2 protein chains.
Amino acid sequence: MSRAAQQPPAARPTLEAVAARAGVGRGTVSRVVNGSPRVSAKARAAVEQAIAELGYVPNQAARSLVTSRTDAVALVIPESVAKLSSEPYFSDIITGVSAELADSDLQLLLVLVRDEHERERLTRYLAARRVDGVLLVSVHQDDPLPELLERLELPAVLSGRRSAQETLGYVHADNAGGARAAVRHLLSRGRTAIATVTGPLDMEAAAARLAGYRQALDEAAVPADEGLVAHGDFTEHGGREGMRDLLARRPGLDAVFCASDLMAAGAMQALREAGRRVPQDVAVVGFDDSVVARHTEPPLTSVRQPTEEMGRLMVRLLLEEIARPARLRRQVVLPTELVVRESA
Amino acid sequence: MSRAAQQPPAARPTLEAVAARAGVGRGTVSRVVNGSPRVSAKARAAVEQAIAELGYVPNQAARSLVTSRTDAVALVIPESVAKLSSEPYFSDIITGVSAELADSDLQLLLVLVRDEHERERLTRYLAARRVDGVLLVSVHQDDPLPELLERLELPAVLSGRRSAQETLGYVHADNAGGARAAVRHLLSRGRTAIATVTGPLDMEAAAARLAGYRQALDEAAVPADEGLVAHGDFTEHGGREGMRDLLARRPGLDAVFCASDLMAAGAMQALREAGRRVPQDVAVVGFDDSVVARHTEPPLTSVRQPTEEMGRLMVRLLLEEIARPARLRRQVVLPTELVVRESA
DNA sequence: CACACCTGTGGGAGCGCTCCCACCGCGATG
DNA sequence: CATCGCGGTGGGAGCGCTCCCACAGGTGTG
């Protein structure tokens, strides 16, 4: 087909063109576009009309070049373990982040980091300051990214923290408190041999959940039994394996607290294999209260953390830090809540 | 706290600085950075060393300004229905897109469009050509975005299509074929009163699945019965409602094909409420083979579509189109596969 | 009535890059 | 021996914007 009628994709109008049409200078147009108050009503009206008539949209690259802002933030997800879809936690964070960002004029860059190579790419990218700030989720203790962010003096907010001495801003849930509530609930239902499947302990969230589990037992004067502690990795597979271990070591257990819903789902599979009924023989509690919790059979009692709200809050903290970088980093802990269903 | 020691965040070196250090001109550095072959080995080595020594990273804004490329693509997800986390389909697309993009040097912008206001924001954004291309998923028949993309002559690839006459490039699964396979499977197991819960019929994928269902019954000379067709919206809630309707209208049904796994999960809840056993009384088949399928009780037989691969393929098509825009748009249909589990 | 001061304005400079043209030196060619 | 071609090179121009300085014109003060 002839493309003779093809017109050069309609060269976009520039600031200059708008200025000419409105009969004002470039400076005035720029002031209107950027919402400066130092513009007369008359000039403003003329400029706004010219903008509308020409369909002017500012060129972000030109703006960036001179302001050295990018009006974009990156959400970095280390996808070390599994796929995004099996971790509803990430999806909920994304939803919250995106929602909160929609009200600002920032764009959301999604960066999944699968391997070393991709981490290097990200490093170069951040060094080039191609974003104004970074949201980092699922932080591990030895994760090199937080340090990089500090070195680059790039505004950043974590979900989770490296340790209790975290220097960057962060948002996380009351992991210890949630775990405590879960175990207390099991105790109150008369369970006595309560096991746990932990998350990866190089993540503070996982360590805190284990600590909460221990506290609750301690409070109730239940003697500690390391045989009742299995280590998982937040995944379904890890939950299944952990549960099998536990059943082998302590066949008499009558409850298990899993540090994620996915692990709880895996644990329930292992229990079913072993012929144990949930909750009659073994009560199960998860953590996250993600969609998975509603799809297990029986539905899973779980510790709800406000994941989406955490995403929103991360954005708010990040915007604050971008606005005034020197300030002390804010660190926020959100409450959790036990959602009781049939599994416990 | 005193910030006396505060140093200006280490002004990043420019092309010019590299050129000076390497003892060459700006042009040569630019050629090296952009991989032009027209550079002598000697000059190249000198430049590369200077780059390493200075830690030079090109300024993307400056580059963009002159090339009018952005090296970014947007993945647009109309989040009309529910949350991201309850739709594993989207997560898998994201995973695939991100993986494929990692090998190119493009960035992924994630844009969730929740309402009219956010759509307008996106429209302005696209008009400003702040991305080199767009991936659009979950396309509805009356969706204004595809038309906008055509008008803007912005490279774009859809997942799903508006109709069989789609003019834009797209990738989708063999929806009709998958549905046919599902229903044939049910027929082969001796089911005779096979119902279906459809997706939103303004999406071609949903319409095609319904068509496939009808074809399979037709081939088997099973008389059509509109009472066995309920309309859902791909969500769990829709599946539950649809199933209740079906049970009310045709209590004798012995199988149901649901156009999504989520609806199948909802349908199974409704069946349980009604005291029907799955699969003994009613066999259930879903569509997507998402993580949900493995978490239902019993595990769900489902039509697998290669969602992640679809994401990757969308990126490949988009890159092609960005490279040479005038070409005919490629349209690809990927095969589906029935994964048999215990629900049917 | 001279002066300072404030609001609103125009436009030069310059952000860091790519594009392109001019030019250099060399070996091959007539 | 003059001419050409060609790989390799330097650097001017310019992308579209913001920043900032200079300046116009009005208002208020001594």
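It should be emphasised that the depicted structure is a prediction, and the values quoted were computed from it without experimental measurement. (Residues numbered from 1 in each chain as written. Chains lettered and ligands numbered in written order. Predicted model: local features only at pLDDT ≥ 70, side-chain atom pairs only at ≥ 80, totals over all residues. Heavy atoms only, no water.)

1. A look at the relation of the copies chain A and chain B
The relation between the two copies of this chain is a rotation about an axis and a shift parallel to it. Defined as follows: We place the copies in one frame by least squares, fitting the C-alpha atoms of every residue whose pLDDT is at least 70 in both. Pairs of residues are marked as contacts when any of their non-hydrogen atoms sit within 4.5 Å.
Of the two same-sequence chains, chain A is brought onto chain B (RMSD 0.1 Å, axial shift 0.0 Å) by a rotation of 180°. Taken together, the turn and the small shift mark the pair as related by a two-fold rotation axis. Here 98% of the interface residues in chain A have copies in chain B that are interface residues too; the copies meet face to matching face.

2. Quick word on the side chain of A:Asp288
All names here are of chain A. Counted only if it meets this: A helix here means a DSSP run of H or I that spans at least four residues, while a strand means a run of E at least two residues long, and both kinds are numbered starting from the N terminus. Each residue is assigned to one of three classes by its accessible area relative to the maximum for its type, calculated with a 1.4 Å probe on protein chains only: buried under 20%, partly exposed between the two thresholds, exposed over 50%. Only four residue types enter the charge count: Lys and Arg as positive, Asp and Glu as negative, with His and the chain ends excluded. Each salt bridge in this description consists of a side-chain nitrogen of Lys or Arg and a carboxyl oxygen of Asp or Glu lying within 4 Å of one another.
Mapped onto the elements of the fold, Asp288 is located in strand S9 (residues 283-288). Although Asp288 is buried, it forms no salt bridge, and the closest oppositely charged side chain is Arg209 at an N-O distance of 4.1 Å. Those residues in contact with Asp288, other than ones at most four positions away along the chain, are Arg209, Ser260, Asp261, Ser302, Val303, Arg304 and Gln305.

3. A few points about the protein's contact with DNA strand D
Which entries qualify depends on this criterion: Near residues are defined by distance, with any heavy atom within 4 Å of the molecule or strand qualifying the residue. Distance and chemistry together define a polar contact, namely a pair of N or O atoms within 3.5 Å, with one atom able to donate a hydrogen and the other to accept it when in protein, and with adjacent residues in sequence counting only for side-chain atoms on both sides. Note on residue categories: nonpolar means Ala, Val, Leu, Ile, Met, Phe, Trp, Tyr, Cys or Pro, charged means Asp, Glu, Lys or Arg, and polar means any other residue, Gly included.
Looking at DNA strand D, there are 27 residues lining it, with A:Leu15, A:Tyr56, B:Arg26, B:Thr28 and B:Ser40 nearest. Sugar plus phosphate: this is where 59% of the atoms of DNA strand D within 4 Å of the protein reside. A:Ser30 places a polar side-chain atom, nitrogen or oxygen, 2.8 Å from a phosphate oxygen of DNA strand D. A distance of 3.1 Å separates a phosphate oxygen of DNA strand D from a polar backbone atom of A:Asn59. Listed by contribution, the elements that provide at least two residues to the surface near DNA strand D are helix H2 (26-33) and helix H4 (60-67) of chain A together with helix H2 (26-33) and helix H4 (60-67) of chain B. Broken down by class, the residue content of the surface near DNA strand D amounts to 11 nonpolar, 10 polar and six charged.

4. Observations concerning the protein's contact with DNA strand C
Around DNA strand C sit 27 residues in total, of which A:Arg26, A:Thr28, A:Ser40, B:Leu15 and B:Tyr56 are the nearest. Side-chain polar atom of A:Arg31 to a base oxygen of DNA strand C: 3.2 Å apart, as the coordinates give it. Separating a phosphate oxygen of DNA strand C from a backbone N or O atom of B:Asn59 is a distance of 3.2 Å. For the surface near DNA strand C, the secondary structure elements donating two or more residues are H2 and H4 of chain A together with H2 and H4 of chain B. A class-by-class count of the residues in the surface near DNA strand C yields 11 nonpolar, 10 polar and six charged.

5. Describing the packing of aromatic side chains
Residues and elements named next belong to chain A. Keep this limit in mind: By convention, a stacked pair of Phe, Tyr or Trp rings (six-membered ring in the case of Trp) has centres within 6.5 Å and planes under 30 degrees apart, an edge-to-face pair has planes over 60 apart, and any other such pair is tilted. Whether a charge sits over a ring depends on NZ of Lys or CZ of Arg being within 6 Å of the ring centre and within 35 degrees of the ring normal.
Applying the stated criterion across every chain yields a total of four aromatic pairs over all chains. On the basis of an interplanar angle of 65° and a centroid distance of 5.6 Å, the ring pair of Tyr89 and Phe90 is categorised as edge-to-face. Residues Tyr89 and Phe90 agree in their burial class; the two are buried. Positioned over the ring face of Phe287 is Arg209, at 3.8 Å from the centre of the ring.

6. Brief notes about the domain arrangement of chain A
Under the convention used in this document: Annotation comment: domain bounds sourced from an automatic or database domain assignment.
The assigned domain composition of chain A is domain 1 (8-58) and domain 2 (175-305). For domain 1 of chain A and domain 2 of chain A, the distance between their C-alpha centroids amounts to 62 Å.

7. Brief notes about the sheet that holds strand S6 (residues 194-198) of chain A
Residue and element names in this part refer to chain A. What counts is decided by this rule: Each pair of strands is called paired provided DSSP finds at least two bridges between the two strands. For helices, the fitted line uses only the C-alpha atoms of the stretch in contact; every axis is such a line through C-alpha atoms, and the angle between N-to-C directions lies from 0 to 180 degrees.
Taken in spatial order, the six strands of this open sheet run S7-S6-S8-S9-S10-S12, and their pairing is mixed. Two strands close off the open sheet at either side, each with one partner strand: strand S7 (229-231) and strand S12 (337-339). Across the sheet, the mean angle separating the axes of adjacent strands is 20° when strand polarity is ignored. Here S6 runs beside S7; their pairing, made up of three bridges, is parallel. From the neighbouring strand, Thr196 faces S7, where its bridge partner is Val229. Packing of helix H9 (residues 204-219) onto the sheet brings it into contact with S6, S7, strand S8 (255-258) and S9, and relative to S6 it is tilted by some 170°. Strand contacts of helix H10 (residues 236-249): S6, S7 and S8, with the helix running at about 145° to S6, the strand carrying the most contacts.

8. Here's the deal with helix H1 (residues 15-22) of chain B
Residue and element names in this part refer to chain B. Threshold: The directions from the helix axis to the C-beta atoms are what the arc is built from.
The set of residues buried in H1 consists of Val18, Ala19 and Ala22. Within H1, the buried residues cover an arc of 100° as seen down the axis, which keeps them to one side. Residues of H1 that are buried in the fold lie against H2 and helix H3 (41-54). Looking one or two residues past H1, Gly23 carries a phi angle of roughly 70°, positive in sign.

9. Thoughts on the confidence of the model for chain A
Counted only if it meets this: Per-residue confidence from the predictor is reported as pLDDT, a score between 0 and 100.
For chain A, per-residue confidence averages 91 on the pLDDT scale, and residues scoring 70 or more make up 95% of the total. In the model, residues 1-8 of chain A has pLDDT below 50 throughout and makes one contact with residues more than four positions away in sequence or in other chains.

10. Here we look at unusual backbone geometry
A cis geometry characterises the amide bond from A:Val278 onward to A:Pro279, with omega recorded as 5°. Considering the arrangement of structural elements, one finds A:Pro279 in the loop between helix H11 (261-273) and S9. B:Glu297 connects to B:Pro298 through a cis peptide bond whose omega is -5°. Summarising the element assignment, B:Pro298 is placed in the loop between helix H12 (291-295) and strand S10 (301-304). Its identity as a non-glycine residue notwithstanding, B:Ser68 has a phi of 50°, on the positive side. In this structure, B:Ser68 sits in the loop between H4 and strand S1 (72-78).

11. Quick word on the pattern of salt bridges
If you walk through the whole model with that rule in mind, you get 44 salt bridges over all chains. Salt-bridge contacts for A:Arg304 lead to A:Glu337; the nearest nitrogen and oxygen are separated by 3.9 Å. Residue A:Arg304 is located in strand S10 (residues 301-304), and its partner A:Glu337 is located in strand S12; the two are separated by 33 residues in the primary sequence. Residue A:Glu337 is classed as partly exposed on the basis of its relative accessible area, which comes to 47%. Note that B:Arg250 is salt-bridged to B:Asp225, the shortest N-O span being 2.8 Å. A residue pair is termed long-range when its members are at least 10 positions apart, and B:Arg250 in the loop between helix H10 (236-249) and strand S8 (255-258) and B:Asp225 in the loop between helix H9 (204-219) and strand S7 (229-231) qualify at 25 residues. Classification of B:Arg250 as partly exposed rests on a relative accessible area of 31%.

12. A closer look at the side chain of A:Ser138
For A:Ser138, the location among the structural elements is in the loop between strand S3 (133-137) and helix H7 (144-152). With residues near it in sequence (within four places) discarded, A:Ser138 still touches A:Pro78, A:Phe90, A:Ser159 and A:Met203.

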